[in-house]
Structure formats: C-alpha cells, structure tokens
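These are the residues of each chain, in order.
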Amino acid sequence: MTSRYRVEYALKTHRRDQFIEWIKGLLAVPFVLYSQPTGVFDTNNFNMAQMSEEAHRRYAEIMRDIEVMIDDHIANQLDASRVPSKLKLLVPTIGNFFTRLPLEAAFKFQDRKRYISSRRFVSPSFNDVRLILNSAQLMAVTTHGTLRLATFDGDVTLYDDGQSLEPSSPVIPRMIDLMRKNVKIGIVTAAGYTTAERYYSRLHGLLDTIASSTVLTPQQRQNIVIMGGEANYMFEFNPSATHLLSPVPRERWLTAEMATWSDSSITALLDVAEAALRDCIKNLNLPATLMRKDRAVGIIPSNPTVRIPRESLEETVLVVQKILELSVGGRDFDNKVVPFCAFNGGRDVFVDIGDKSWGVSVCQQWFGGDGAEKRIKPEQTLHVGDQFLSAGSNDFKARSVSTTAWIASPAETVELLDELADFMGKKLS
C-alpha cells in the first residue's frame, strides 16, 4: 500500500514532470464525467461498450487539442519575436519540440494495448501519459521523419541497475535490427571508465553479438560507439581488439564548444563540487566515501551492503547543484563556464563534467560529420533513458538536443524497440 508520505513526496516539484501532470489533469475531467463505477453493482442499466466508447472519444479529442497547441508552440519557437505560446503560458517549464507529436494517433494506439478508456476506477495515470508521449515521438521520427541515430542510457534502460548486458537479453536482437537498418547506435552512460575492459564487462553480450553477427556488414558493425562519463570518454567498436572496443582520442571527437573547456576550469568546478559533497557527508551523516576522478567527483557507500536513503541522495544532488550554479554559473552556457551534471545514481551521487546533451551531440557529430549541415539533426535522433525528472536525473538534459523516450525498465525498452520496428516497417511498406 502506498503511504501518505510517499504520495506527498512524489508530489514535490523536483519529482514531477509538469507537462505530464497537466495532461493528466485534462484527462481526469472526462474520466469523472463518463466513467461508470456504479456499473459494477447496477448491471441492468449499464452499457460497458457505450461508456468506453464515449470516454475514448473525449480522451482522443483532448489529445488532438494538445496536438494543435504543440503545433502552435513549434511555430512560436521558430519566431523568437512572437509572444509566448498558449502552451508555454499553461506549462511554463515546457521546452522546445523538434517534431510534431501525433498525440491522437498515439493515444488510440496505446488505448488498444492498455484499455485506458475501459477503466472505471483508475483514471489515466502518469505512466499512461508517458507511454502515449513515447508512442507519439516514435511515430514522429519514423512515419513522419527519418531516424538516423538512437542513443541509450545504460542502467535501468538496457539492463537492471548495477547489472550487465548479458547475451540472453531480449534487447540485443532489437538493437542489432536497428544497426541492420543503418540506424547508428550510441550508448551514452554515466559510467566513467577509462579502459575498454570495464565497458566490455558491462556490454559484453551486445559486443560479442555484433562481432559474430552474420546479418551486419563490416560497415554496419562500426555504427556503434560508447560515450562514457556522460560526455568524457569515447570507445568505438573494433573486432580485432581484445575487448572489442578501442578508445578514441579526445581531439578526434570533441565538439567545437567542448574544446573551449580548459583544464583549469574543469579542475575548479570539481574542487567546488568536492567541497560541497564533503559538507553533505558531514551534515547528513552519510555512510559514504568521496571518490574523485579526472572528469568527475562523487560519493559512494562506504560499505557496499549499505544503501543510502533516497531522500539523502536527492538532498545531496540539490545542494551540490545549487552551490555549483551559484559558484560557477554552471547553467549559463553563454559565459563559457564548464557545464556539469549532478545526478542521483540510485546508490550514489556524482558530478560529471558535461551532461548527456553533450554526449548525444558528440554522437550526432561523430556519425554525421563536422559542421551544422552534416551533423545528425535533433529530429533525426532518439534518446532512450529512465531519468527525465528535472533534478538528479541525467537523461533530462538530452531533451535539448534530441527527441526522447522515457522508459522505466529494460522490459519497457524492449517494448519500445518493438514499437519502433513496427512503425519503421509500416513506413517501408
């Protein structure tokens, strides 16, 4: 049973997505008006099919109205001189869209799977809306566009938290299928390893399958890179290497913007973050040890069997993030300050140089080419991850450079890739 504390905690601003919550609120009205909970008792005067049909019609109308508002928002974002869109006024935190979102079609697709319109006691949920948005985005980058690059988070997206991508994972054949269709793959992970061996241990199932695949051409086997530490270490596939990966020198893949980050600025930022983390360990009495790397700093449990409370991890993220923003202006990219990402990894907290928006951008440049004209465009890119809340979530920033899909488990990633293959197949046929 969900406790009142957990319900109230989930309603905190830093734990919510305002766009999804707004859509939920709109869908709650027809649910209240058209659902018939008394039909459970009064079966004589109750028509389930009629109730479901009416609820479906109203839900679809609302989704179509939101779709029109997003179209208007896109028109406004292309003309900076115009007043804010209606959607921006209603949902102030809304960002830019790189594609249209066919929400009505996506709702109908998900309603056939989840029977949202047939429910009498449970209104459209956060997960319902999240999956509708995912389907709409998949439709947009396939049926209404061309997908050229798919990037993935690691933990909780491709494999369970702290685990590895084993040969038996159902996600592997689906990723191979994407590569066979000449979609480039980037695994953009927070794991900041400097050696190929560590990444091979986490991804060996996929890498071994690529090496032995008979359906991929030699060129298609090169259509995958590993971007580690958010945006700090790149490895490319190499069938002759011991661990099937070779490190790529930083000067080969740094974007022009990233090349301006000086070593002294990076060190200064990590020094401030380290001091803030030490204060959190002391003030919150955390059973944690500080870990400093060349491009990151964080805290990990002193004893691997001890789990730091979620609230303490999120408090640490928010404190460190605020201190860094006030100290070095970390969110103002225009002042040439090094950007950073402070995130809650579930068992630890880390501050990385850069964030996943930079990691995805590197993949867009690597596979597309230097220069804005050659680089793979945001509307041709899909980033799949599990952390999209505004604080302590390192996939959130990817929204600024690509379309995104928000999943909650590796099983959902498999379902998402099946949907993607289905939509890509319909376009080809």
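(A) Spotlight on the pairing of strand 10 (residues 381-385). Across the 5 residues that make up strand 10, a large majority, 5, are buried. Residue alternation in strand 10 divides its side chains into two sets, Thr381, His383 and Gly385 and Leu382 and Val384, and both sets are buried. Pairing geometry for strand 1 (residues 149-152) and strand 10, over 4 bridges, is parallel. Each residue of the ladder has a partner; that of Phe152, found in strand 10, is Val384. Sheet topology places strand 10 next to strand 11 (residues 403-406); 4 bridges connect them, and they run parallel. By the bridge assignment, Val384 is partnered in strand 11 with Ala405.

(B) Geometry of the packing of aromatic side chains. Taken as a whole and assessed by the stated rule, the structure comprises 8 aromatic pairs. For the pair Tyr199 and Phe235, a centre-to-centre distance of 5.1 Å together with 55° between the ring planes defines the contact as tilted. Highlighted residues: Tyr199 in helix 8 (residues 196-212) and Phe235 in strand 4 (residues 233-237), separated in sequence by 36 residues. In this structure, Tyr199 and Phe235 share a single accessibility class: buried. Relative to Trp358, the ring of Trp261 has its centre 5.0 Å away and its plane inclined at 85°; by these criteria the two rings are edge-to-face.

(C) A look at the environment of His243. Here His243 lies in the loop between strand 4 and strand 5 (245-248). Taking the C-alpha atoms as reference points, His243 and Tyr200, separated by 43 residues in sequence, lie 5.9 Å from one another. When near neighbours in sequence (up to four residues on either side) are disregarded, His243 contacts Ala196, Glu197, Tyr200 and Leu207.

Conventions we followed
- Residues numbered from 1 in each chain as written.
- Predicted model: local features only at pLDDT ≥ 70, side-chain atom pairs only at ≥ 80, totals over all residues.
- Heavy atoms only, no water.
- Buried < 20%, exposed > 50% of the residue type's maximum accessible area, 1.4 Å probe, protein only.
- Helix = DSSP H or I, 4+ residues; strand = E, 2+ residues; numbered from the N terminus.
- Pairing = 2+ DSSP bridges.
- Phe/Tyr/Trp six-rings, centres within 6.5 Å; stacked < 30°, edge-to-face > 60°.
- Contact = heavy atoms within 4.5 Å.

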